[in-house]
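Breakdown of the fold
Single-letter residue listing:
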Amino acid sequence: MTHADVLVIGAGPAGLAAVAELARLGLTSLLVEQRDQVGGAIYRRHAGNGNHVLLLPEHHRRRRDGLMQAYTQAQERVTALTASVFIGVDRDGRFLIDNRRLGRVQSVRSKAVILAVGTVERVLPREGWELPGVVSAGGMQVQFKETGQTPKGKILLAGSGPLLLALAAQLAAAGNPPLAVLERAQPLASAWWQGRAVFNVLRSWPHVQEAALYGRELWRARVPYLTGWQVQSVQTVADGLRIDARHSSGLARQYAVQHLALHDGVLPNMTGLPGAAQSADNCIVYAGDCREVLGADAAIDDGSRAAQQVARFLGQRCDSTPLDQAIAAAQRTQAALAQLFQAAPVAPTANTVVCRCEGLRRSDFDRLQVAGSAHELRLVGRFAMGACQGRFCAHTVSALAHEYGVDFDPAALNGDVPRWPLRPVSLAALAAYSELESVE
Amino acid sequence: MNMSDTVALHFYWCSEPVPFRAGETIAAALQRAGRTDVGPAVAGLHGRYFCGIGTCQACLVSIDGASPVEACLTLAQEGMHLAPALLSQLARTPGADA
């Protein structure tokens with residue numbers, strides 16, 4: 001039943017595009033998705049009745065609908081395992097999957113694998129960022145898509161990047177505009193001297209339309225977009241959160257809210273995954289944002305391209321030149337946006353929780369004067385050793401280690417021993433382990 | 001009041017009933033009910049919904065006393081009994097094990 005040509009992990013835009021393209025090329029796939037439904041965070045569906053006001057650019061909607069249609073047409077050649085969490089690869093190259101529907105860990109062997117597991121949102125630690133009520137902007141957005149309701153009470157958005165604008169506009173359109181968007185960078189000011197970056201963003205008509213759509217909504221709802229501002233600290237108070245913000249000029253301001261959404265960009269989600277590889281009898285390809293963060297539309301193209309790469313590995317002929325060109329254009333736009341949103345990092349204060357999983361603060365790091373290597377920082381200090389496996393803290397730990405002259409390379413965290421994406425797996429599911437039929 | 005709010009589906013968070021809609025995650029229902037704190041975590045911190053896609057592992061909860069799952073990925077089901085993933089006596093305080 002599960003015999004398939006290709007194993008695809010993740011059913012977001014890249015994974016869905018990959019299985020649809022594989023089906024078009026006559027190949028079958030096994031699609032593994034941690035949620036109960038496909039679409040990923042970006043195409044999360046509204047659960048429940050009633051209207052959902054979701055402000056979305058038209059081109060984005062069109063590509064989503066096209067992808068879903070292609071996926072529906074591919075059904076005959078796709079076996080989807082939903083509510084199934086990818087938990088790692090064993091030393092024999094078996095991909096392990098916690099099938100939570102069956103309550104059983106299953107393994108799959110496959111000659112060809114496409115990993116499409118998306119991004120990790122970057123959130124720089126500030127004092128109080130670990131408190132309940134503080135979420136990542138992506139986390140707030142995906143929950144809003146699912147419930148169709150904005151969080152109740154006052155909201156503040158802070159950090160850096162275009163996602164803050166998109167989320168602010170979506171919240172405003174749905175009736176609960178944030179008090180403000182605090183942007184650390186100075187994208188408007190830097191536009192004056194980053195002419196080339198501006199030109200490269202303007203070359204992408206969909207991005208111009210998208211910016212206009214969000215800009216119009218923020219203007220209508222009178223949401224202040226404050227650049228050069230950053231959150232210094234968050235405290236829990238009787239009726240929510242008290243937020244101290246500071247401008248680069250030294251000006252300070254306080255906000256009283258119930259919800260704070262933070263966002264400092266996105267990174268590929270690669271921690272603990274096997275590297276991309278291709279040999280005579282084995283092919284592992286990354287697709288979408290987990291290969292390179294280029295956004296949902298480019299992830300669709302990248303998923304199709306990964307499928308074509310695998311098809312070539314399996315002996316088919318196909319040409320990826322048009323997709324290469326589309327992805328190159330997305331790279332140009334993303335590089336230009338990154339330039340406009342360039343900002344100095346937030347330096348954690350002594351009391352700032354650096355490593356949330358292990359509950360470690362900056363002061364714990366400074367106390368660790370004996371740690372002379374990345375290895376000691378982890379084994380003695382416990383930094384980047386918790387459940388998220390450094391996904392959220394490794395870059396900050398790296399910056400702190402650098403101050404002490406220690407090289408702590410987030411990319412090298414894996415070392416020789418693969419550190420799998422740590423997920424809770426019940427003993428009962430492990431005890432019920434079974435091998436799925438091999439994927440050849 | 002919205003029609004969908006009157007649908008009589010409930011689970012229990014620390015024995016208190018929380019309404020949810022079919023197809024909604026545990027985290028979404030808890031958020032709509034105004035519960036952002038999902039119990040003790042290490043070093044005196046608190047569990048909470050954060051990334052929404054299973055990567056941060058900060059929203060783990062226990063269903064019917066069993067091993068933990070991510071509240072942000074797991075669908076709410078009628079009659080579930082949910083509790084913090086970490087027993088409060090296991091939540092270390094800073095420096096306790098140093």
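Overview of the structure. Bear in mind the structure is a predicted one, so any value in this text is a computation, not a measurement.

Analysis parameters
Going along each chain's sequence as written, the residues are numbered from 1 onward. Note on labels: chains are lettered from A, ligands numbered from 1, in written order. For a predicted model such as this one, the threshold for reporting local features is a pLDDT of at least 70, and the threshold for listing and counting side-chain atom pairs is 80 or more; totals across whole chains, interfaces and linings nevertheless cover every residue. The basis for every side-chain value is the complete set of non-hydrogen atoms in the structure, without hydrogens or water. By definition, residues are in contact when any of their heavy atoms lie within 4.5 Å. Accessible surface is computed with a 1.4 Å probe, and the buried area is the amount of it that two parts give up when combined, taken over both parts together. The salt bridge definition used is simple: a Lys or Arg side-chain nitrogen within 4 Å of an Asp or Glu carboxyl oxygen. Under the rule applied, a polar contact is a pair of N or O atoms within 3.5 Å (in protein, one hydrogen donor and one hydrogen acceptor; residues adjacent in sequence only if both atoms are side-chain atoms). A helix here means a DSSP run of H or I that spans at least four residues, while a strand means a run of E at least two residues long, and both kinds are numbered starting from the N terminus. Whenever a helix is involved, its axis is fitted only over the stretch in contact; in every case the axis is a line through C-alpha atoms, and angles between N-to-C directions fall within 0 to 180 degrees. The labels follow the angle: roughly parallel below 35 degrees, roughly antiparallel above 145, roughly perpendicular from 65 to 115, and oblique for the rest. Working rule for handedness: look at the near helix, and if it is turned counterclockwise from the far one by less than a right angle, call the crossing left-handed; if clockwise, right-handed. Under the scheme applied here, ten amino acids are nonpolar (Ala, Val, Leu, Ile, Met, Phe, Trp, Tyr, Cys and Pro), four are charged (Asp, Glu, Lys and Arg), and all others, including Gly, are polar.

**Let's talk about the interface of chain A and chain B**
Listed as interface residues are 46 residues of chain A and, on the opposing side, 40 residues of chain B. Both faces considered, chain A and chain B share a buried interface measuring about 3,400 Å² in area, 53% of it formed by carbon and sulfur atoms. It is Pro132(A), Gln143(A) and Arg356(A) in chain A that bury the most area against chain B; as a group they hold 18% of the surface buried on that side. Remark: the boundary between chain A and chain B carries 2 salt bridges. A salt bridge links Arg423(A) to Glu70(B); its shortest N-O distance comes to 2.9 Å. In this structure, the connection of chain A to chain B is made through 15 residue pairs in polar contact (both at pLDDT 80 or more). When contributions to the side of chain A that touches chain B are tallied by element, the ones reaching two or more residues are strand 8 (119-121), strand 9 (134-136) and helix 3 (137-147) of chain A.

**Points about the packing of helix 1 (residues 13-24) of chain A against helix 2 (residues 58-73) of chain A**
Helices that pack against each other are described as a pair by the angle of their axes relative to one another and the distance between those axes. Residue and element names in this part refer to chain A. Where helix 1 meets helix 2, the axes come as close as 9 Å, and the angle between the chain directions of the two elements is 45°. Between helix 1 and helix 2, the angle falls in the class oblique. In the packing of helix 1 onto helix 2, the handedness of the crossing is left-handed. Residue-level contacts link Pro13, Leu16, Ala17, Val19 and Ala20 of helix 1 to Leu67, Met68, Ala70 and Tyr71 of helix 2. Here the residues of the contact of helix 1 with helix 2 are counted per class, giving 9 nonpolar, no polar and no charged.

**Concerning the packing of helix 6 (residues 195-202) of chain A against helix 9 (residues 321-340) of chain A**
All names here are of chain A. Axis separation between helix 6 and helix 9 bottoms out at 8 Å; the angle between their running directions is 135°. Relative to helix 9, the element helix 6 is oriented oblique. The hand of the helix 6/helix 9 crossing is left-handed. Contacts between helix 6 and helix 9 involve Ala197, Val198, Asn200 and Val201 from the former and Arg332, Thr333, Ala336, Leu337, Gln339 and Leu340 from the latter. Here the residues of the contact of helix 6 with helix 9 sort into 6 nonpolar, 3 polar and 1 charged.

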